[in-house]
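The lines below spell out each chain.
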Amino acid sequence: MTEDKAKATVTTDFEPNIVAFLCNWCSYAGADLAGTSRIQYPANVKVIRVMCSGRVNPLFVMNALQQGADGVLVSGCHPGDCHYMHGNYYARRRFTLMRDFLEYLGVEPERFRASWVSASEGSKWKEVIEEVVEGVKSVGPMDQFKRRQLNW
Amino acid sequence: MAEKILIKERLGDALGELSKFRLLAPTKSDEVVLFKQIDDPAEAYLDYLNSTVPPKRVVFPQTETLFKFRAGEPDLEEKDPSEGETVIWGLRPCDARAMAIVEKLFNWDYEDPYYLKRREETTLVGLACSSIPSVNCFCTSVGGHPFGTEGLDVLLTDLGDKYLVEVVSDKGAKVAEALSGLLADAAGADKEAAAKLSTEAEKGISRTIGTEGLQEKLLNLWENPLWKKVSAACLGCGVCTYLCPTCHCFDIQDEVEEDEGRRARMWDSCMFCEYTLHGSGHNPRPTRRERTRNRINHKYSYFPSKFGDIACVGCARCINLCPVNIDILDILQQVVEA
Amino acid sequence: MVEQLIDTDKLKKIAEEVISREDVRLLIGYRKGTFGFRMRPAFVEEVSEVGELEFTPACVNNLATYLTNYERPPLPRGTTNDTRKVAVMVKGCDSRALLQQMVELAYKRDDVIILGIPCNGVIDPAKVDKRFPEAKGPGDVKREGDNFTFSADGKTETVPAAEVIADKCTRCRYPTPLVYDELLAPEVERFADDTYEDIAGLEKRGSDEKWAYWEEKFSRCVRCYGCRNVCPMCYCDECVLDRLSPQWMRRSVDISENTAYHISRAYHLAGRCIQCGECQRVCPMDIPIMEMNRKFYKDVAEFYEYEPGTDAEEKPLLSIFSVDDKEDFIL
């Protein structure tokens, strides 16, 4: 454990940086609904809208962690509800493998989550974000293979 | 300066004395031997044939920052290439000779401040190949010797329970001075023993190649069918070039992160498919045939025609580590016979 | 009693028949290497070159790589590519690479002639080099019972197989090729299996410990891309690593980019790696690459009951799904 991480865990003032890839049709609308319904959720998420969870390349996850994300969330339509019929099924396979592999390398499983959030689930979105943020807080800042940029 | 003796039991003390320099020595992790900065003399692993990655990496790092820039700021922040006074302990004579050869290029039409600065502040303490060299070593064919001192500042010869210490340059004298409390004068018998080992080591080298006339001959074999044959198995990986002590090609790339970035240079390999790729999509070396030919020609023809030395020191890393047993001596033999 | 399986005369006779055929342009096999106990790939285009072909337990290379790594430079006007068949010698593990390549439609079954070699294990060149550092060779390796016999420079020595056999062979599930036109020897029955003990052991450790393990390995990587280039499944026209826009991972060598490289390499082989172990064999920096590939292999088998490179009619793992796929980590 690096000093950084130890410090942050102890003082608990660590506010994680979380990148969320949301599908256009369900999860993005769900997050939008949470917003319009004035549901409060942690402000740690940076949302990136994609057309489908199936569009999310597993390398996006790796790259986000490299570029300074402490956690990554991929969210799409519930199984069976995909706007493109099967996109989320493909995504599910990819991310199951990716998550297990990252865990195998020593990246805490809390850092990479997935969820199914529909357009009507504004309150579920809040719960998902709370759980993700709490999980990432418990493991501290990402310090495994983050770019330690411009190391002279 | 006369030859000295360093008792092996005092090796730890000697390395301790040198810790006022940035001290690098061979270390072992798994089956890989690498030159690393050592804090504890016990980390040094001197019972080795040769390091997996040549110590060229110390003066010519695989990735190095040249300068840093920031959006909105017209001034660049240049990086000081200095790493401080450095001693590389226990490198092989072939790798030291490689540095002397490559230095000619970095000191040629443009004086490379990064390479030259670190070369200048680095003292090379060599370890002669007194046990029988590896089966593929061929330094004697390309102008080197298992006990050669070209490029070195100090040469150590393992005499069983002690090292014979031979100071070759002024820089070497500085290191010897730092160790003066540990060194004793060498006896005539020690020098004789070292001379005997040297002859034996030379005899122990079993593979040879005649390099006379290769420089011109290679150019005349441009379209010879042998290139297709010798490159047929090539996978296009960078093992032969990255692990070569004389290969020195680099690429320069900008790396930008938000509003700041750096320009860095990093090793490149002529065996990679994008090495000579033009922006237009045209590649003057479109296949591994041309790339293999270039690797051999560069070492045995272009470089000697400019600088007088063959850019190969016979360390045999490329032979030992090639995934598909492409053997530079086998290729040269075919060139000689062609 | 396991014996030397391949009769060299028979191999040469078959090779001669194959390369004499009008519709065959190339036969890829093995020939003697240049030192020690090395064997190297042979590219036979003429009947006269058949004499150098040989198969011994030192034939470690997976020749399936050469079916997909050929280069296609622009052709001079008026010429066309030679599209005749290629014949290739494959061991059990290598044959699975052919199957997987066909699953991915890299080429058609009819484009290749497969000379299958039932195999009872090959040597690990690194272990052999260490055992015989002074063997000038080129020497001979034979399998006799539970031993390998090494002869070079007029000396012969017998070594227990367990000491020098390649690690992958101690986990081999398919010693006999799964696809072939001609089998060069009688079938070999499965003699080993993968228990994944080491993988499971690493899985059980804590995150910090796991990362410490991999950080040390990845930091050694010099990014020679030997593991990518030797891989029979890595044959994209333009590799994601070579692209500059977007540049997924930078050329600079540090722990971040090296880790990104190893993640992408391993992930691209999820459900595709056929366990030939070539990546780890060629790695000059001794990085346990197969421990990553086997992790995926294990997961894929556990989660999806899928084994790549065993059935040419199968679809690629990540291009299919089942509605009942595991999703226990999804919120």
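Residues numbered from 1 in each chain as written. Chains lettered and ligands numbered in written order. Predicted model: local features only at pLDDT ≥ 70, side-chain atom pairs only at ≥ 80, totals over all residues. Heavy atoms only, no water.

Peer 1: What should I look at first to understand the overall build of chain B in this one?
Peer 2: Helix and strand content of chain B: twelve helices and twelve strands. On C-alpha atoms alone, chain B measures out to a radius of gyration of 21 Å, which is about the 20 Å that the 2.2 N^0.38 rule sets for 338 residues. Projected onto its principal axes, the C-alpha positions of chain B cover 65 × 60 × 40 Å. Each of the 338 residues in chain B was classed as buried or not, and the buried ones make up 58%. (Helix = DSSP H or I, 4+ residues; strand = E, 2+ residues; numbered from the N terminus. Rg over C-alpha atoms; globule rule 2.2 N^0.38 Å. Buried < 20%, exposed > 50% of the residue type's maximum accessible area, 1.4 Å probe, protein only.)

Peer 1: Explanation requested: the nonpolar core in the structure shown.
Peer 2: One broad trend across soluble globular proteins is that nonpolar side chains are buried collectively. In terms of nonpolar packing, the biggest core is built from 123 residues, with Phe95(A), Leu97(A), Leu6(B), Leu18(B), Trp89(B) and Trp214(C) touching the most fellow members. Sequence-distant contacts of Leu6(B), defined by excluding residues within four places in its chain, comprise Leu11(B), Ala14(B), Trp89(B), Lys162(B), Tyr163(B), Val165(B), Leu182(B) and Leu183(B). In this structure, Val135(B), Trp227(B), Cys312(B) and Ile328(B) belong to the second largest nonpolar core, which totals 101 residues. (Core = buried A, V, L, I, M, F, W, Y, C linked by side-chain atoms within 4.5 Å. Contact = heavy atoms within 4.5 Å.)

Peer 1: Got a minute to help me understand the pairing of strand 2 (residues 45–50) of chain A in this structure?
Peer 2: The side chains of a regular strand alternate, first on one face of the sheet and then on the other. All names here are of chain A. Where strand 1 (residues 18–23) meets strand 2, six bridges bridge the pair, whose relative direction is parallel. Within the sheet, the bridge partner assigned to Leu22 lies in strand 2 and is Arg49. Regarding topology, helix 2 (residues 27–36) serves as the crossover connection from strand 1 to the parallel strand 2, and that connection is right-handed. (Pairing = 2+ DSSP bridges. Right-handed = clockwise from strand over helix to strand, strands pointing away.)

Peer 1: Help me understand the domain arrangement of chain B in this model?
Peer 2: Quoted interface sizes are often the accessible area lost when the parts come together. Residue and element names in this part refer to chain B. Taken domain by domain, chain B holds domain 1 (4–204) and domain 2 (214–337). Using only C-alpha atoms to locate each centre, domain 1 and domain 2 end up separated by 25 Å. Contacts between the two partners involve 40 residues from domain 1, matched on the other side by 40 residues from domain 2. Among the residues domain 1 hides against domain 2, the three largest losses belong to Lys56, Phe69 and Phe138. Together they make up 18% of the total. If you look at where domain 1 meets domain 2, you find five salt bridges. (Domains from an automatic or database assignment. Buried area = accessible area lost by both parts, 1.4 Å probe. Salt bridge = Lys/Arg side-chain N within 4 Å of Asp/Glu carboxyl O.)

Peer 1: When you look at a nonpolar patch on the surface in this model, what are you seeing that I'm missing?
Peer 2: Residues and elements named next belong to chain A. On the surface, Trp25, Met51 and Tyr84 cluster together to form a nonpolar patch covering roughly 300 Å² of accessible area. Tracing the chain through its elements places Tyr84 in the loop between strand 3 (71–76) and helix 4 (87–105). The exposure class assigned to Tyr84 is partly exposed, which follows from its relative accessible area of 39%. (Patch = residues over 30% accessible without salt bridge, like charges linked within 9 Å, V, L, I, M, F, W, Y side chains within 5 Å. Areas by Shrake-Rupley, 256 points an atom, 1.4 Å probe, with all protein chains shown as cover.)

Peer 1: Looking at this model, I keep getting lost on the confidence of the model for chain B. Mind explaining?
Peer 2: In regions of low pLDDT, the predicted coordinates are not meant to be interpreted in detail. Chain-level statistics for chain B give a pLDDT mean of 93 and a share of 100% at 70 or above. Here the complex is predicted with pTM 0.93, and the ipTM for its interfaces comes to 0.92. (pLDDT = per-residue confidence, 0-100.)

Peer 1: What is the right way to read the interface of chain B and chain C from this model?
Peer 2: Across the boundary between the two partners, chain B contributes 49 residues, which contact 44 residues of chain C. Here chain B and chain C share an interface that buries about 3800 Å² over both sides, 50% of which is from carbon and sulfur atoms. A per-residue breakdown of the area chain B buries against chain C is headed by Val135(B), Leu235(B) and Asn325(B), which together make up 15% of the total. Linking chain B with chain C are twelve salt bridges, by the criterion used here. In this structure, Arg251(C) engages Asp251(B) in a salt bridge whose closest nitrogen and oxygen atoms are separated by 3.1 Å.

Peer 1: What exactly am I supposed to notice about the side chain of Thr241(B) here?
Peer 2: All names here are of chain B. Examined against the element boundaries, Thr241 turns out to sit in helix 9 (residues 239–242). A distance of 3.3 Å separates a polar atom in the side chain of Thr241 from the backbone oxygen of Gly238. Among the polar contacts listed, one links the side chain of Thr241 to the side chain of Ser269, at a separation of 2.5 Å. Apart from the residues lying within four places of it in its own chain, the contact partners of Thr241 are Lys56, Cys247, Ser269, Cys270, Met271 and Arg295. (Polar contact = N/O pair within 3.5 Å; in protein donor to acceptor, adjacent residues only side chain to side chain.)

Peer 1: Explain helix 11 (residues 289–304) of chain C here, please?
Peer 2: Three- or four-residue spacings in an α-helix give side chains the same orientation, since the helix completes a turn every 3.6 residues. Residue and element names in this part refer to chain C. With 16 residues, helix 11 ought to run about 22 Å at 1.5 Å a step, and its terminal C-alpha atoms sit 23 Å apart, in line with that. Burial within helix 11 is extensive, with 14 of its 16 residues counted as buried. Once helix 11 finishes, Glu305 follows within two positions and takes phi at roughly 45 degrees, a positive value. (Expected span 1.5 Å × (residues − 1).)

Peer 1: Help me understand the pattern of salt bridges in this model?
Peer 2: One side chain can pair with another of opposite charge once the charged atoms of both are near each other. Counted under the stated rule, the structure contains 70 salt bridges over all chains. For Asp30(B), the salt bridge identified is with Arg220(C), shortest N-O distance 2.8 Å. In this pair, Asp30(B) sits in the loop between strand 2 (22–29) and strand 3 (32–37) while Arg220(C) sits in helix 7 (residues 207–220), so the two residues belong to two different chains. By relative accessible area, Asp30(B) is classed as partly exposed at 36%. Assessed through its relative accessible area of 3%, Arg220(C) is described here as buried.

Peer 1: Can you help me understand the packing of helix 10 (residues 288–307) of chain B against helix 12 (residues 328–337) of chain B in this one?
Peer 2: For any two helices packed against each other, the geometry is given by the interaxial angle and the distance between the axes. Residues and elements named next belong to chain B. Between helix 10 and helix 12, whose axes approach to 12 Å, the crossing angle comes to 80 degrees. As judged from the angle between their axes, helix 10 and helix 12 are roughly perpendicular. Together, Thr292, Arg295, Ile296, Lys299 and Tyr300 of helix 10 and Ile328, Ile331 and Leu332 of helix 12 make up the contact between the two elements. Per-class residue counts for the contact of helix 10 with helix 12 are five nonpolar, one polar and two charged. (Axes fitted to C-alpha atoms, helices over the stretch in contact; angles between N-to-C directions. Parallel < 35°, antiparallel > 145°, perpendicular 65-115°, else oblique. Nonpolar A, V, L, I, M, F, W, Y, C, P; charged D, E, K, R; others polar.)

Peer 1: Explain helix 6 (residues 188–204) of chain B here, please?
Peer 2: Residue and element names in this part refer to chain B. Between its terminal C-alpha atoms helix 6 stretches 24 Å, which fits the 24 Å expected from 17 residues at 1.5 Å a residue. Along helix 6, the residues that are buried comprise Asp190, Ala194, Ser198 and Ala201. Projected down its long axis, helix 6 carries its buried residues within an arc of 80 degrees, all on one side. Away from the buried face of helix 6 by more than 90 degrees, exposed residues Ala189, Glu192, Lys196 and Lys203 are located. Looking at the buried residues of helix 6, the elements they touch are strand 1 (4–7), strand 8 (154–158) and strand 9 (162–167). (Arc of directions from axis to C-beta.)

Peer 1: What exactly am I supposed to notice about the sheet that holds strand 11 (residues 250–257) of chain B here?
Peer 2: Residues and elements named next belong to chain B. Sheet architecture is open: four strands sit in the order 5-4-12-11, paired in antiparallel fashion. The open sheet has two free edges, formed respectively by strand 5 (77–78) and strand 11, since each of these has just one partner strand. Sheet topology note: the strand 4 (residues 63–70)/strand 12 (residues 260–267) ladder contains seven bridges and is antiparallel. Bridged to Phe69 within strand 12 is Gly261. The strands touched by helix 4 (residues 113–120) are strand 4, strand 5 and strand 12; relative to strand 4, the strand with the most contacts, the crossing angle is about 125 degrees.

Peer 1: So what exactly am I meant to see when it comes to the sheet that holds strand 1 of chain A here?
Peer 2: Hydrogen bonds between backbone groups are what pair the strands of a sheet, and the pairing can be parallel or antiparallel. Residue and element names in this part refer to chain A. If you walk across this open sheet you meet the four strands as 2-1-3-4, and the pairing is parallel. The strands lining the two open edges of the sheet, one partner per strand, are strand 2 and strand 4 (112–116). Neighbouring strand axes in the sheet, compared pairwise and without regard to direction, differ in orientation by 20 degrees on average. Here strand 3 runs beside strand 4; their pairing, made up of five bridges, is parallel. Across the sheet, the residue bridging to Val74 is Ala114, located in strand 4. On the sheet, helix 2 packs against strand 1, strand 2 and strand 3 and is oriented at approximately 115 degrees with respect to strand 1. Here helix 4 sits on the sheet in contact with strand 3 and strand 4, set at roughly 155 degrees to strand 4.

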